[in-house]
2 protein chains.
Amino acid sequence: MPNIAITIKTEEKIGVLDDITNIISAYDINISYAHLFIEKNDLGSINLELENPGNIGSLIKDILALDSVKSVEKHGALEDIYGKRIIIFGGGAQVSQVAMGAITEADRHNIRGERISIDTIPLVGEDEISEAVEALSRLPRVSALVLAGSLMGGEIAKAVANVKTEHDLIIISLNMPGGITKIADLVVSDPIQAGVMAVMAIADTAIFDIKKLKENKF
Amino acid sequence: MPNIAITIKTEEKIGVLDDITNIISAYDINISYAHLFIEKNDLGSINLELENPGNIGSLIKDILALDSVKSVEKHGALEDIYGKRIIIFGGGAQVSQVAMGAITEADRHNIRGERISIDTIPLVGEDEISEAVEALSRLPRVSALVLAGSLMGGEIAKAVANVKTEHDLIIISLNMPGGITKIADLVVSDPIQAGVMAVMAIADTAIFDIKKLKENKF
């Protein structure tokens, strides 16, 4: 059974999420993603993804019965729409070149029915990048991280090692000075190729298993 | 007061989110973002962002007192780490060129202390792109959407109009056939410039207000 996503429109009111999780919990259904915000029209929008919920007709009816709930709408999960995410961190010139390689390669896979997203933030500084790496563990659907800079080690390498203990994440680094190349799964000199290989490494439509490579530096 | 993010590690167990929202609701604190997943080690990770929670020492103590909770950690909000997001949808060659313009420009702003992310998915097809546009309303921190294709209208234009009623979102379109250019805030012929202008339009460190422009086609 696939995951199902629902959007619940509510009156803006503290506690309404609690009312809703009460109901979902009673159905023994797991919530795998939630996102809440206030719309321009002051309605609250609560977006939930439910794991293998089966027939949710009666669940939706129970949620609609709450006083503060205006509507409930069902749609596909974000995983099915935006797919796996490759995240790119690093300095300007290189981060855009890695992105170009990755986007061009993702286009070739997505046109055959896959869904791969390429998400970037240009960032410099050991503290800034290591904080961004740590926070990856709070983002959904991340499959690979590409580090696109000219000097990375220290706290950044520590943060990468830390994230790897919690997540199955492929780490690709440009070839550069600093400890990051010691702990990356793959080290690539050409930024375009680094982006292409990141997509190849996570794509279902590619025959490329980085665990089977005899060397990891190109 | 800034938002505060907490990560709660729990035993994997349906209903634990409900126990936690019960407690937060009792403190009259609003949850603006939530993300949940199971780690490699089978612990559950619940990531919450709390709106202006004030001193949360006693809230954290109450959450820690739950049987299924292993740890609670406090950190900065994703807004402060990854900042505003520009989302780019469209076909390969153009989507990567828009991204290159946007990433290069975002690098220039981020180096002065801003945080702007550039997130892309290469996608073709009216159904596919309109579904991706609709789903934007379920993503956090989206400030601008750039449509990078050569023919977009119909359902895509409808989806864009729909998302605009719910969110304050700047819409930039490449110059192309199809109804999308009629409802975009800005129509740009050069994909690099479209990416640069998307960043200028949302950046705090730029003097560029698209609402003040006398024409919207370049």
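Cut-offs and rules
- Residues numbered from 1 in each chain as written.
- Chains lettered and ligands numbered in written order.
- Predicted model: local features only at pLDDT ≥ 70, side-chain atom pairs only at ≥ 80, totals over all residues.
- Heavy atoms only, no water.
- Helix = DSSP H or I, 4+ residues; strand = E, 2+ residues; numbered from the N terminus.
- Buried < 20%, exposed > 50% of the residue type's maximum accessible area, 1.4 Å probe, protein only.
- Contact = heavy atoms within 4.5 Å.
- Areas by Shrake-Rupley, 256 points an atom, 1.4 Å probe, with all protein chains shown as cover.
- Lys, Arg positive; Asp, Glu negative; His and termini not counted.
- Charge placed at Lys NZ, Arg CZ, Asp CG, Glu CD.
- Patch = residues over 30% accessible without salt bridge, like charges linked within 9 Å, V, L, I, M, F, W, Y side chains within 5 Å.
- Salt bridge = Lys/Arg side-chain N within 4 Å of Asp/Glu carboxyl O.
- Polar contact = N/O pair within 3.5 Å; in protein donor to acceptor, adjacent residues only side chain to side chain.
- Buried area = accessible area lost by both parts, 1.4 Å probe.
- Nonpolar A, V, L, I, M, F, W, Y, C, P; charged D, E, K, R; others polar.
- Pairing = 2+ DSSP bridges.
- Arc of directions from axis to C-beta.
- Expected span 1.5 Å × (residues − 1).
- Least-squares fit on C-alpha atoms with pLDDT ≥ 70 in both.
- Core = buried A, V, L, I, M, F, W, Y, C linked by side-chain atoms within 4.5 Å.
- Phe/Tyr/Trp six-rings, centres within 6.5 Å; stacked < 30°, edge-to-face > 60°.
- Axes fitted to C-alpha atoms, helices over the stretch in contact; angles between N-to-C directions.

**Student:** Please clarify how the overall build of chain A should be interpreted in this entry.
**Tutor:** Helices and strands together make up the secondary structure of chain A, namely eight helices and nine strands. The principal-axis extent of the C-alpha atoms belonging to chain A is close to 60 × 35 × 30 Å. In chain A, buried positions account for 59% of the 218 residues. Here the analysis covers contacts within chain A between residues at least 6 apart in sequence; of these, 72% occur between residues at least 24 apart. Carbon together with sulfur atoms contributes 50% to the accessible area of chain A, which is approximately 8900 Å² in total. The averaged location of the 31 negative side-chain charges in chain A is 6 Å from the averaged location of its 20 positive side-chain charges.

**Student:** What's the story with a negative patch on the surface in this structure? I'm lost.
**Tutor:** A surface patch of negative charge is lined by E79 and D80 of chain A together with E126, D127 and E131 of chain B. For the negative patch, the secondary-structure elements that each account for two or more residues are α3 (78–82) of chain A together with α5 (126–135) of chain B. Along the chain, D80 of chain A turns up in helix α3.

**Student:** What should I look at first to understand the side chain of S96 of chain A in this one?
**Tutor:** For S96 of chain A, the position within the fold is in helix α4 (residues 92–110). Within polar-contact distance, the side chain of S96 of chain A engages the backbone oxygen of A93 of chain A at 3.1 Å. What S96 of chain A contacts, discounting residues up to four positions off in sequence, is M100, I103 and T104 of chain B.

**Student:** I keep staring at the interface of chain B and chain A and nothing clicks. Help me out?
**Tutor:** Often the size quoted for an interface is simply the accessible area lost on bringing the parts together. Listed by partner, the interface residues are 69 residues for chain B and 69 residues for chain A. Of the roughly 5700 Å² buried where chain B meets chain A, counting both sides, 57% is carbon and sulfur surface. Inspection of the region where chain B meets chain A yields two salt bridges. Among the ionic pairs, K9 of chain B bridges to E166 of chain A, the shortest N-O distance being 3.0 Å. Applying the counting rule to chain B against chain A returns 24 residue pairs in polar contact (both at pLDDT 80 or more). Looking at the side of chain B that touches chain A residue by residue, the class counts come to 30 nonpolar, 22 polar and 17 charged. Sheet analysis places strand β2 (residues 30–38) of chain A next to strand β2 (residues 30–38) of chain B, joined by three bridges and oriented antiparallel. Considered in β2 of chain B, the bridge of H35 of chain A is made with Y33 of chain B.

**Student:** What exactly am I supposed to notice about helix α2 (residues 57–64) of chain B here?
**Tutor:** Helical periodicity: at 3.6 residues per turn, an α-helix aligns residues three or four positions apart in one direction. Residues and elements named next belong to chain B. When we look at burial in α2, the residues that qualify are L59, I60 and I63. Buried residues of α2, viewed axially, fall in a sector of 95 degrees; they line one side. On the buried face of α2, the contacting elements are β1 (4–11), α1 (16–26), β3 (43–51) and β4 (69–75).

**Student:** Teacher, can you tell me more about α4 of chain A here?
**Tutor:** If you check α4 of chain A, its first and last C-alpha atoms are 26 Å apart, about what 19 residues at 1.5 Å a residue would give, namely 27 Å. Within α4 of chain A, 14 of the 19 residues are buried, which leaves it mostly tucked inside the rest of the structure.

**Student:** Any chance you could explain the relation of the copies chain B and chain A here in plain terms?
**Tutor:** Two copies of one chain are present, and they are related through a rotation about an axis combined with an axial shift. Note on the copies: chain B fits chain A at an RMSD of 0.0 Å, the axial shift is 0.0 Å, and the rotation between them is 180 degrees. Such values leave the two copies arranged in the relation of a two-fold axis. In terms of proximity to the rotation axis, the leading residue of chain B is D119 of chain B, whose C-alpha is 2.0 Å off the axis.

**Student:** What is the right way to look at the nonpolar core in this model?
**Tutor:** As a rule of thumb, nonpolar side chains are buried together in soluble globular proteins. Ranked by internal contacts, the top residues of the largest apolar core, which has 111 residues, are F89 and L147 of chain B. Ignoring anything within four residues of it in the chain, the contact list for F89 of chain B reads Y82 of chain A together with V95, I121, I129, A132, V133, L136, L145, V146, L147, A148 and M152 of chain B. Of all hydrophobic cores here, the second largest spans 43 residues; its members include I4, V16 and I29 of chain A together with I46 of chain B.

**Student:** What is the right way to look at unusual backbone geometry in this model?
**Tutor:** A negative phi holds for most residues other than glycine; trans holds for most peptide bonds. Residues and elements named next belong to chain B. At N52, a position not held by glycine, the phi torsion is positive, near 40 degrees. Tracing the chain through its elements places N52 in the loop between β3 and α2. Despite not being glycine, R141 shows a phi value in the positive range, around 65 degrees. With respect to the element layout, R141 can be found in the loop between α5 and β7 (142–148).

**Student:** Hey, could you run me through the environment of A135 of chain B in this one?
**Tutor:** On the secondary structure map, A135 of chain B appears in helix α5. Sequence separation between A135 of chain B and G92 of chain B is 43 residues, and the spatial gap between their C-alpha atoms is 21 Å.

**Student:** Can you help me understand the packing of aromatic side chains in this one?
**Tutor:** What characterises a pair of aromatic rings is the spacing of the ring centres plus the angle enclosed by the ring planes. Here the structure, examined in full by the defined rule, presents two aromatic pairs over all chains. Summarising the aromatic geometry, the rings of Y82 of chain A and F89 of chain B are spaced 6.1 Å apart at their centres and angled 15 degrees between planes, so their arrangement reads as stacked. Of the two residues, Y82 of chain A is situated in helix α3 and F89 of chain B in strand β5 (residues 84–90); the pairing between them involves two chains. Classification of Y82 of chain A as buried rests on a relative accessible area of 4%.

**Student:** Help me out: how do you make sense of the sheet that holds β3 of chain B in this one?
**Tutor:** Hydrogen bonds between backbone atoms are what pair the strands of a sheet, whose relative direction is either parallel or antiparallel. Spatially, the eight strands line up as an open sheet ordered β4(A)-β1(A)-β3(A)-β2(A)-β2(B)-β3(B)-β1(B)-β4(B), and their pairing is antiparallel. Each of the sheet's edge strands pairs with one partner strand only, and the pair in question is β4 (69–75) of chain A together with β4 of chain B. Between one strand axis and the next, the sheet turns through 20 degrees on average, direction left out of account. Of the pairings in the sheet, the one linking strand β1 (residues 4–11) of chain A to strand β3 (residues 43–51) of chain A comprises eight bridges and is antiparallel in character. Paired with I8 of chain A across the strands is I46 of chain A, a residue of β3 of chain A. Sitting on the sheet, helix α2 (residues 57–64) of chain A is in contact with β1, β3 and β4 of chain A, with an inclination near 155 degrees to β4 of chain A.

**Student:** Would you mind showing me how to read the side chain of H35 of chain B here?
**Tutor:** Topologically, H35 of chain B is positioned in strand β2. Judged by its relative accessible area of 3%, H35 of chain B is buried. From its side chain, H35 of chain B meets the backbone oxygen of R138 of chain A in a polar contact 2.9 Å long. Non-local contacts of H35 of chain B, meaning those with residues more than four positions away in its chain, are made with S32, Y33, A34, R138, L139 and P140 of chain A together with S45, I46 and N47 of chain B.

Any functional reading would require information that these geometric values do not contain.
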